[in-house]
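Geometric and topological summary
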Amino acid sequence: MAHYSVSKAVVTGGARGLGRAIGERLAREGLSVALLDVNEVGVKETAAEIAEATSAHVIGLGCDVTDRPGLQEVFRRAAEELGGLDTLVGNAGITRDRMFHKLSDDDWDQVIAVNLTGVFDCLRSAAPWLRAEGPGRVVLISSVVAKTGNLGQMNYIAAKAGVVGLVRSAAVELARFDTTVNGVRPGFIETAMTAAMPEEARDALMTDNLLKRAGRPEDIAGAVAYLCSDDASFVTGQVLDVNGGSAL
């Protein structure tokens, strides 16, 4: 069983999908977890369900990662309720898929605001705790398409490629505080987000990998749990591809 020197995690986009799976896995590993999501009702319900299933301390807080003043207050509240903060999983994300010549200004601006600027603002909001004495962990969720490209996702891909840049840079800045920073690039995973894709395209993408199956949220949660554990204490500035071998 993995050992964890960290014990208090914030997971953004935690109401469903990858965020829910990550929050539940960290709770099962013994961490206290604050799930953040713009869907306040949903994230509170998810937190209660995970707390009941794991007997861990899990809370849900409404949070819009594009609301900078509100975001800082949410992180302060999360740290207060958890008794501190030493781990951040930046997972919140949206899609507004169209071929690039059909993207509206709003399509571009919203995706960049949530998927890139929002990740940076979460890092900055968590900085007082991540820079404190003692080990810390940051795991930021990118995407396989940031490596491969994809039709109709230029806004999403630009943001997720930017997340890789945040991983590299934050790893350099936070290393002296014993906080590691890594990323995960999921392949196509069975979530509500991918379920919204056209069925034929979704099915083709889901199995276009060496293992010939769709990824599961639990696959990503396991990778995040590893990067948060002491087994990964000498791993920083890295991006782990979890995609069934689809982008070697």
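See the structure above.
As the structure is a computational prediction, the values presented were derived from the model and not from experiment.

The subject of this paragraph is the overall build of the chain. Of regular secondary structure, the chain possesses nine helices and seven strands. Summarising its shape, the C-alpha atoms of the chain cover approximately 45 × 40 × 35 Å along the three principal directions. Each of the 248 residues in the chain was classed as buried or not, and the buried ones make up 51%. At a minimum sequence separation of 6, the contacts of the chain that also span at least 24 residues come to 73%. Entry remark: accessible area of the chain is about 11500 Å², with carbon and sulfur atoms responsible for 52%. Taking the 24 positively charged and 32 negatively charged side chains of the chain as two groups, their mean positions are separated by 3 Å.

This part is about helix 9 (residues 217-228). Here helix 9 contains 12 residues, and its C-alpha end-to-end distance of 17 Å stays within 8% of the 16 Å for a straight helix at 1.5 Å per residue. Among the structural elements, helix 1 (17-28), strand 4 (87-90), strand 5 (136-141), strand 6 (179-186) and strand 7 (239-242) are those in contact with the buried residues of helix 9.

Next up on the list: the nonpolar core. With 34 residues, the main nonpolar core has Val-10, Leu-36, Phe-75, Leu-88, Val-138 and Leu-140 as its most contacted residues. Contributing elements (two or more residues each) for this core: strand 2 (32-37), strand 3 (58-62), helix 3 (68-82), helix 4 (105-130), strand 5 and helix 6 (154-174). Broken down by element, the residue count for this core peaks at seven residues, all from helix 6. The contacts of Phe-75, once residues within four sequence positions are left out, are Val-10, Leu-36, Leu-85, Leu-88, Cys-122, Ser-125, Ala-126 and Trp-129. Formed by 32 residues, the second largest nonpolar core is a distinct cluster that contains Val-6, Val-33, Val-184 and Ile-220.

Take the sheet that holds strand 3 next. Strand order in the open sheet made by the seven strands is 3-2-1-4-5-6-7, with parallel pairing throughout. Each edge of the sheet is formed by a strand with only one pairing partner; in this case those strands are strand 3 and strand 7. When the angles between neighbouring strand axes are averaged without regard to direction, this sheet yields 20°. Direction of pairing for strand 5 relative to strand 6: parallel, over a ladder of six bridges. Each bridged residue has a counterpart across the sheet, and for Ile-141 the counterpart in strand 6 is Val-184.

Here the focus is the packing of helix 1 against helix 9. Contact pair helix 1 / helix 9: the axes reach a minimum separation of 8 Å and the direction vectors enclose 50°. Classified by the angle between their axes, helix 1 and helix 9 sit oblique to one another. In terms of crossing hand, the pair formed by helix 1 and helix 9 is right-handed. When helix 1 is examined against helix 9, the residues Gly-17, Leu-18, Ala-21, Ile-22, Arg-25 and Leu-26 are found in contact with a partner set consisting of Pro-217, Glu-218, Ile-220, Ala-221, Gly-222, Val-224, Ala-225 and Cys-228.

This part takes up unusual backbone geometry. For Asp-178, which is not a glycine, the phi torsion comes out positive at approximately 65°. Note that Asp-178 resides in the loop between helix 6 and strand 6. Judged by relative accessible area, which is 43%, Asp-178 ranks as partly exposed. Positive phi is not limited to glycine here, since Lys-212 has a value of about 55°. Along the polypeptide, Lys-212 turns up in the loop between helix 8 (199-206) and helix 9. Taking relative accessible area as the criterion, Lys-212 reaches 59% and is therefore assigned exposed.

Criteria and thresholds
Residues numbered from 1 in each chain as written. Predicted model: local features only at pLDDT ≥ 70, side-chain atom pairs only at ≥ 80, totals over all residues. Heavy atoms only, no water. Helix = DSSP H or I, 4+ residues; strand = E, 2+ residues; numbered from the N terminus. Buried < 20%, exposed > 50% of the residue type's maximum accessible area, 1.4 Å probe, protein only. Contact = heavy atoms within 4.5 Å. Areas by Shrake-Rupley, 256 points an atom, 1.4 Å probe, with all protein chains shown as cover. Lys, Arg positive; Asp, Glu negative; His and termini not counted. Charge placed at Lys NZ, Arg CZ, Asp CG, Glu CD. Expected span 1.5 Å × (residues − 1). Core = buried A, V, L, I, M, F, W, Y, C linked by side-chain atoms within 4.5 Å. Pairing = 2+ DSSP bridges. Axes fitted to C-alpha atoms, helices over the stretch in contact; angles between N-to-C directions. Parallel < 35°, antiparallel > 145°, perpendicular 65-115°, else oblique. Left-handed = near helix turned anticlockwise from the far one by under 90°.

Any functional reading would require information that these geometric values do not contain.
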